[in-house]
2 protein chains.
Amino acid sequence: MPTIRDIARKSGYSVSTVSRVLNHQKYVSEPAKTAIEAVIKQLDYVPNSLARDLSFGQNKNIGVVLPHNDHPYFNQLLNGIMDAAFSSGYHVVLLPSEYNQAVELDYLEQLKRKNFTALIFTSHGIALSVLAEYTRYGQIVCCEDPGTHHISAVYSHREPAYLAAFKYLKAHKAQQIGLLLSRNLAQSPTWIAVTNAYQQVFNCQPDSELMVGGMRSFEDGYRAAEQLVEKQPTLACYFTNGDDIAAGVRQYHLDHQLPTPLLIGQEKQLSSFLLQLPTIDHHFFTLGQKAFEVALSNHHQVCRFESEFILP
Amino acid sequence: MPTIRDIARKSGYSVSTVSRVLNHQKYVSEPAKTAIEAVIKQLDYVPNSLARDLSFGQNKNIGVVLPHNDHPYFNQLLNGIMDAAFSSGYHVVLLPSEYNQAVELDYLEQLKRKNFTALIFTSHGIALSVLAEYTRYGQIVCCEDPGTHHISAVYSHREPAYLAAFKYLKAHKAQQIGLLLSRNLAQSPTWIAVTNAYQQVFNCQPDSELMVGGMRSFEDGYRAAEQLVEKQPTLACYFTNGDDIAAGVRQYHLDHQLPTPLLIGQEKQLSSFLLQLPTIDHHFFTLGQKAFEVALSNHHQVCRFESEFILP
DNA sequence: CTGAAAGCGCTAACAG
DNA sequence: CTGTTAGCGCTTTCAG
């Protein structure tokens, strides 16, 4: 592989002049430029990114930590991030975590080693206070309300949409509501927001017997319905964390000659459109794009988007 | 940020000795090691990856080119790659292509610039001969039969499973078969393999009126069924490129009071299990793991796996 | 077991 | 407009 020095030597110019034409800088004479470009082409030269990155002090990678990739939340967020990254010539490095704190800490250490320019946590097992400590080594963005922690964040404000959804269910005379949610941690922000909204609308805590966590797909929804109907044969209403999950529930009811239940999806996937379900749009794609933008900026900032309850 | 020099100075040892303890090499006295580690801890030092990579001549990133990420083929393959990469301390860089040849060429150029150690093409728009030219700059792995091209490959041999599937349909007295496939290019290897198998079993070309490409999801299947049934109201059998797609077709039939059609899925997703559909397992996760392994190896190799037709 | 010194390939003052 | 030179921070011979 030829180096910039080879180009300099062979073209009769210095490395700095070569560097200038490489980076399309001003102050290069036409003849110099022409001669150097000819040699570059002739020697099939391309600059070495590793050297460039070292010299510049950072590379063009941004790490995206995500627990897994089979829920639309992560997919849509990731797509938004990739879209923005692609436009800016940055690379997205996928960092799987499974919510493992040791793994997440290791990613933070890698940020410190300058393996990435910035880190986006789509979700996390580790404490926000730990993330905050590492912001000195590079921009860190999380995708939830950071509260009092000094961390940049891009997230959607869900409560109002949840409230609207439960009001809708109440207006439709829902008696018992199956709650199909994401993480199994009762402490997750989503879980809390949902139960709060439920509380406000129905003036009571949701029945924990009717709550199921860990929902990711059509199949999960199918199984959860099976499980809940066994406990509560008259169950006819579900609040779910994804349109596909809702579709799975519906399928279970269809397959077992039960009346189609009242359903609410989330993520505004195509299935809610096809099946004419109410859904909640958290704008994850947009969120992802914004998260990337914040990741590249140097100052602390918090952006909140509003979730939307959408009728079919 | 302290550098290795700071550690050397403060500990009273030389940079090379510090480097040795950093890399757990032999030939370091106990006292030296202890003293140096103390200073490292005290100064909160971590080595800079950019410098390390330049010195070593390569980084620990492998690029994965994929057209999009909403088909299980790519998801499962990617999961396999990530699983293997994670175990070896490598990073996976996501490279979206949309089958755009200019974009793919740019990724190859980035390989040349040493932005990645290796490149895996899960699919590609660019010619295999072009990929072959770039193998001189780093390992390149493709996920299909490379034919006579000198490119490492990891792929599944699909024809026998396709044959078995069509024989199954024939045995079940299928008259007309809707063919729901992936890419719209009639030239794609999959498309060719499917029509070949069809040809062998039925002694005729599949009806192009009943072929639809670009299938990625449940919804796509739903829509395709709608479209095909319009053309051919008696259509009662579908060969699909994914279990979810098959599930979508089934849903359409259910929603329109049509008898449940004879279906064949692919990818062995959970939906085929739940809906008791025959499916084809191409072992994509395993393929992904192997593709990564080959990407790290230095010699040319081609690994073929066998797809399996699976009855419910 | 330890250290000096020469790179890795590029960028960016700074002096002409 | 062009060239010299000093880094960026680490690894790795090669002598001690």
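Right, let's walk through the structure included here.

Criteria and thresholds
- Think of each chain on its own: its residues are numbered from 1, step by step along the sequence as written.
- Each chain takes a letter, starting from A, and each ligand takes a number, starting from 1, following the order in which they are written.
- For this predicted model, a pLDDT threshold of at least 70 governs which residues receive local features, and a threshold of 80 or more governs which side-chain atom pairs are given and counted, while totals over whole chains, interfaces and linings are taken from all residues.
- Note that the side-chain values use all heavy atoms of the structure and ignore hydrogens as well as water.
- Here a residue counts as near a molecule or strand whenever at least one of its heavy atoms sits within 4 Å of it.
- Counting of polar contacts relies on pairs of N or O atoms within 3.5 Å, with two restrictions inside protein: one atom must be capable of donating a hydrogen and the other of accepting it, and residues adjacent in sequence are counted only when both atoms are side-chain atoms.
- The way it works is that DSSP assigns letters per residue, a run of H or I at least four long becomes a helix, a run of E at least two long becomes a strand, and they are numbered from the N terminus.
- In this description, strands pair whenever DSSP reports at least two bridges between them.
- Fitting a line to C-alpha atoms yields each axis, with helices limited to the stretch in contact; the angle taken between N-to-C directions then spans 0 to 180 degrees.
- Contact definition: two residues touch when any of their heavy atoms are within 4.5 Å.
- Each residue's exposure class comes from its accessible area (1.4 Å probe, protein chains only) as a fraction of the maximum for that residue type: buried when under 20%, exposed when over 50%, partly exposed otherwise.
- Consider the strands pointing away from the viewer: the crossover is right-handed when the path from the first strand over the helix to the second runs clockwise.

**Quick word on the protein's contact with DNA strand C**
Part 1 of the argument: Of all residues adjacent to DNA strand C, which total 25 residues, the nearest are Ile4(A), Tyr45(A), Ser55(A), Arg20(B) and Ser29(B).
Part 2 of the argument: Restricting attention to atoms of DNA strand C within 4 Å of the protein, one finds that 62% of them are sugar or phosphate atoms.
Part 3 of the argument: In this structure, a phosphate oxygen belonging to DNA strand C sits 2.4 Å away from a main-chain N or O atom of Ile4(A).
Part 4 of the argument: Residue Ser29(B) places a side-chain N or O atom 2.6 Å away from a phosphate oxygen belonging to DNA strand C.
Part 5 of the argument: Broken down by secondary-structure element, the contributors of at least two residues to the surface near DNA strand C are helix H1 (4-11), helix H2 (15-22) and helix H4 (49-56) of chain A together with helix H2 (15-22) and helix H4 (49-56) of chain B.
Part 6 of the argument: In terms of residue count, H2(B) provides more of the surface near DNA strand C than any other element does, four residues in total.

**With respect to the sheet that holds strand S4 (residues 139-142) of chain B**
Part 1 of the argument: Read across the sheet, 12 strands follow the order S11(A)-S5(A)-S4(A)-S3(A)-S1(A)-S2(A)-S2(B)-S1(B)-S3(B)-S4(B)-S5(B)-S11(B) without closing on themselves; strand pairing throughout is mixed. Here the strands that pair on one side only, and so sit at the sheet edges, are strand S11 (302-306) of chain A together with strand S11 (302-306) of chain B. Averaged over all pairs of adjacent strands, the angle between their axes in this sheet comes to 20°, without regard to strand direction.
Part 2 of the argument: Pairing of strand S1 (residues 61-66) of chain A with strand S2 (residues 91-96) of chain A involves six bridges; the strand directions are parallel. Residue pairing across strands places Val64(A) opposite Leu94(A), the latter belonging to S2(A).
Part 3 of the argument: Here helix H13 (residues 284-296) of chain B sits on the sheet in contact with strand S1 (61-66), strand S3 (118-121), S4, strand S5 (152-157) and S11 of chain B, set at roughly 165° to S5(B).

**Details of the pairing of S1(B)**
All names here are of chain B.
Part 1 of the argument: Of all the six residues making up S1, six are buried; the element is thus mostly covered by neighbouring parts of the structure.
Part 2 of the argument: The alternating pattern of S1 places Asn61, Gly63 and Val65 on one face and Ile62, Val64 and Leu66 on the opposite face, and all of these are buried.
Part 3 of the argument: At this point the chain moves from S1, through helix H5 (residues 72-87), to the parallel strand S2 (residues 91-96), and the crossover so formed is right-handed.
Part 4 of the argument: Note that S1 and S3 share four bridges and pair parallel. By the bridge assignment, Val65 is partnered in S3 with Phe121.

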